[in-house]
Amino acid sequence: MREQRGFSLIELIVTLIVLAIAASIALPNLTQFIVRQRVSGQASELLNALAYARSEASKINNNVVVIPATNAASGWSNGWCVGPSSLADCNDTAVLKNYPAVAGNVSITSPYLQATNKLTFRRDGTLLSGLSAQSFKITSERLEASDNAARCITLNALGKASMTKVNRDDGC
């Protein structure tokens, strides 16, 4: 008699059922992981942009602003840019660096705007607004309400940015 090789139909079906059960357990967790990573990535990119603007202000010995692409509190989700204090919007030729729109249902909000209340770093790296620095909130409506995965970026009077984790619906 010949020796049989391979899998029987029963073994194949059982293996597929086990894989389906494992996938159904892992998929929701994977979705939340992706959303948390997007929020974290955007927060890191904004933090790096603030550090870049602060260092450019010192490097060029002039005031540097970071402004949203759209003149609204939620305009930061459409991207932002860094440039000299004369910068009117992100389409200006004087822009030092542009940052693209936020992807994947991540929202960034801050009271800093294009025309009034600009986020300005002085030539020594400190904030022009001093002690009245505002914060940035980076979140997504897809985050679970209590998983502490949203981010707040705050600036101190010296212009140093720091990031903290908060719940989705909490303020900074």
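Now for a description of the structure that goes with this document. (Residues numbered from 1 in each chain as written. Predicted model: local features only at pLDDT ≥ 70, side-chain atom pairs only at ≥ 80, totals over all residues. Heavy atoms only, no water.)

1. Quick look at the overall build of the protein chain
In step 1: Of the regular secondary structure elements, the protein chain holds 1 helix and 8 strands.
In step 2: Secondary structure elements of the protein chain, listed N to C terminal, follow the sequence α-β-β-β-β-β-β-β-β.
In step 3: For the protein chain, whose C-alpha radius of gyration is 23 Å, the value lies well above the compact-globule estimate of 16 Å for 172 residues.
In step 4: Each principal axis of the C-alpha distribution contributes one length, and for the protein chain these read about 90 × 35 × 25 Å.
In step 5: Across the 172 residues in the protein chain, those meeting the buried criterion constitute 34%.
In step 6: Across the protein chain, every contact between residues at least 6 apart in sequence was considered, and the portion connecting residues at least 24 apart equals 57%.
In step 7: The distance from the centre of the 16 positive side-chain charges to the centre of the 12 negative ones in the protein chain is 5 Å. (Helix = DSSP H or I, 4+ residues; strand = E, 2+ residues; numbered from the N terminus. Rg over C-alpha atoms; globule rule 2.2 N^0.38 Å. Buried < 20%, exposed > 50% of the residue type's maximum accessible area, 1.4 Å probe, protein only. Contact = heavy atoms within 4.5 Å. Lys, Arg positive; Asp, Glu negative; His and termini not counted. Charge placed at Lys NZ, Arg CZ, Asp CG, Glu CD.)

2. Description of the sheet that holds strand 5 (residues 119-121)
In step 1: Taken in spatial order, the 4 strands of this open sheet run 3-2-1-5, and their pairing is antiparallel. The strands lining the two open edges of the sheet, one partner per strand, are strand 3 (97-99) and strand 5. Direction aside, the axes of adjacent strands within the sheet are offset by 20° on average.
In step 2: Of the strand pairs in this sheet, strand 1 (residues 64-68) and strand 5 are connected by 3 bridges, and their pairing is antiparallel. (Pairing = 2+ DSSP bridges. Axes fitted to C-alpha atoms, helices over the stretch in contact; angles between N-to-C directions.)

3. Things to note about unusual backbone geometry
In step 1: Of note, Asn61 is a non-glycine position whose phi angle comes to about 55°, a positive value.
In step 2: Assignment of secondary structure puts Asn61 in the loop between helix 1 (9-60) and strand 1.
In step 3: Residue classification places Asn61 among the partly exposed positions, given a relative accessible area of 48%.
In step 4: A positive phi angle is found at Asn148, which is not glycine, with a value near 55°.
In step 5: Within the secondary structure layout, Asn148 lies in the loop between strand 6 (135-140) and strand 7 (150-155).
In step 6: Under the relative-accessibility criterion, Asn148 is labelled partly exposed at 36%.

4. Looking at the pattern of salt bridges
In step 1: Going through the model one piece at a time under the given rule, you end up with 2 salt bridges.
In step 2: Between Asp169 and Arg168 there is a salt bridge, with the nearest N and O atoms lying 3.1 Å from each other.
In step 3: The class for Asp169 is exposed, based on a relative accessible area of 56%. (Salt bridge = Lys/Arg side-chain N within 4 Å of Asp/Glu carboxyl O.)

5. Some words on the state of the cysteines
In step 1: This model, assessed by the stated rule, comprises 2 disulfides.
In step 2: The disulfide partner of Cys81 is Cys90, and the gap between their sulfur atoms is 2.2 Å. Of note, the bridge from Cys81 to Cys90 carries an S-S torsion of about -90° and is left-handed in sense. Cys90 matches Cys81 in its accessibility class, with the two residues each being buried.
In step 3: Each disulfide pairs two cysteine sulfurs, and for Cys152 the partner residue is Cys172, the sulfurs being separated by 1.9 Å. The chirality of the disulfide connecting Cys152 with Cys172 is left-handed, given an S-S dihedral of about -85°. A residue pair is termed long-range when its members are at least 10 positions apart, and Cys152 in strand 7 and Cys172 in the segment after strand 8 (161-166) qualify at 20 residues.
In step 4: By relative accessible area, Cys152 is classed as buried at 1%.
In step 5: For the protein chain, numbering the cysteines in disulfides from first to last along the sequence yields the connectivity 1-2, 3-4. (Disulfide = S-S within 2.5 Å.)

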